[in-house]
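# Coordinate inspection notes
This is what each chain is made of:
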Amino acid sequence: MVVNVRATLAEEYILSQTEATKYQKDGHILLKNVVPASEIDELRTAVLKAHQALIAEEEDFQKAFRITQNLWEVNDVVRAHVLSKRYAGIAAKLLGCRDVRIYHDLTFFKDGQGKGAPTPWHQDGHYWPLDTDKCVTLWVPLIDCPLEMGPMSFVSGSHLTRNAEHLEISNSSDDFIKELIEKENLTVAPAQHMNAGDASFHSCWTYHAAESNTTDSMRIAFAIAYFDADATVPLHPLTERRAKNLARWFPGVVPGGPAATQKNPAVLALYD
Ligand SMILES: O=C(O)CCC(=O)C(=O)O
């Protein structure tokens, strides 16, 4: 696979053991300056362009955000980021694995002036057709993201449960998780202001949500979903959603076999 290597994206992000341990305990962490400042404008332009190229496939989730997926397959700048050693190195350290593969990448555009509604509480694991808990999403705003723009909140420790696994992102998942928070007195880590290039990482089992975007600008966020490079796919995906995602993101995979198709490169191995 040809990757356009950029020096700044090959530079290691220094993650402390304390930060890795905190992620493993809480199921989420916010890290500063993950996307190097010199790369942000170019990446934002590339993400907007790639989103536009894929616009026919755009999906609107509950009016909360608009997504297109696998931008790395249509844009060289996005590919350099998605397959970068810097971000994959963080993901592998947080997950405690030798390497990570790409599940997919996606935009999370939340329209301004309140048109981008709140993101309901949910667990991503509902959608992921993988036999591992070692899954993490890097979520990065490509413009400054104040509280009014809707950065994410997380429930600390919720990644150790699968209580909302049966619910897709919807009012039902929102009601269900809000009730759990209340009843079980769960710890909500409130949304924090994020500068462009700061990134949050959350497990696919961490409950998360966001407020609406009341600013005048669209929230231009981009995400990369990684999983343990040694993971397998399930023998039976169990739900229709997972079956659909299995076919889409792991084309030709053998049921129960390695989750490793041409769409899921092991990122760190690209640099051996
Ligand atoms: O961007 C949002 O509001 C939600 C993002 C999300 O659900 C995710 O990254 O898994």
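Residues numbered from 1 in each chain as written. Predicted model: local features only at pLDDT ≥ 70, side-chain atom pairs only at ≥ 80, totals over all residues.

## Quick word on the pairing of strand 11 (residues 219-228)
Of all ten residues that make up strand 11, nine are buried, and the element is covered over most of its length. Direction of pairing for strand 4 (residues 100-110) relative to strand 11: antiparallel, over a ladder of ten bridges. When the bridges of strand 11 are listed, I102 appears paired with Y226. (Buried ≥ 20, exposed ≤ 12 C-beta atoms within 10 Å, placed from the backbone. Helix = DSSP H or I, 4+ residues; strand = E, 2+ residues; numbered from the N terminus. Pairing = 2+ DSSP bridges.)

## A word on the site of the ligand
Around the ligand, the structure places 13 residues, and the nearest of them are F108, T119, T137, W139 and A210. Counting residues per element, the ones that place at least two in the shell around the ligand are strand 4, strand 6 (135-141), strand 10 (208-210) and strand 11. Considered class by class, the residues forming the shell around the ligand number eight nonpolar, three polar and two charged. (Near = placed C-beta within 6 Å. Nonpolar A, V, L, I, M, F, W, Y, C, P; charged D, E, K, R; others polar.)

## Digging into the nonpolar core
In this structure, V47, A91, V100 and Y226 are the most contacted members of the largest nonpolar core, which totals 70 residues. With residues up to four places along the chain from it excluded, the contact list for A91 reads V100, V136, L138 and Y226. (Core = buried A, V, L, I, M, F, W, Y, C linked by C-beta atoms within 7 Å. Contact = placed C-beta atoms within 7 Å.)

## Things to note about the environment of V267
Structurally, V267 is set in the segment after helix 7 (240-249). Judged by the 26 C-beta atoms lying within 10 Å of it, V267 falls in the buried class. A sequence separation of 167 residues divides V267 from V100, and the C-alpha atoms of the two residues are 6.1 Å apart. Not counting chain neighbours up to four residues away, the residues in contact with V267 comprise L83, A88, D99, V100 and I102.

Remember that the coordinates give geometry; whether it matters functionally is a separate question.
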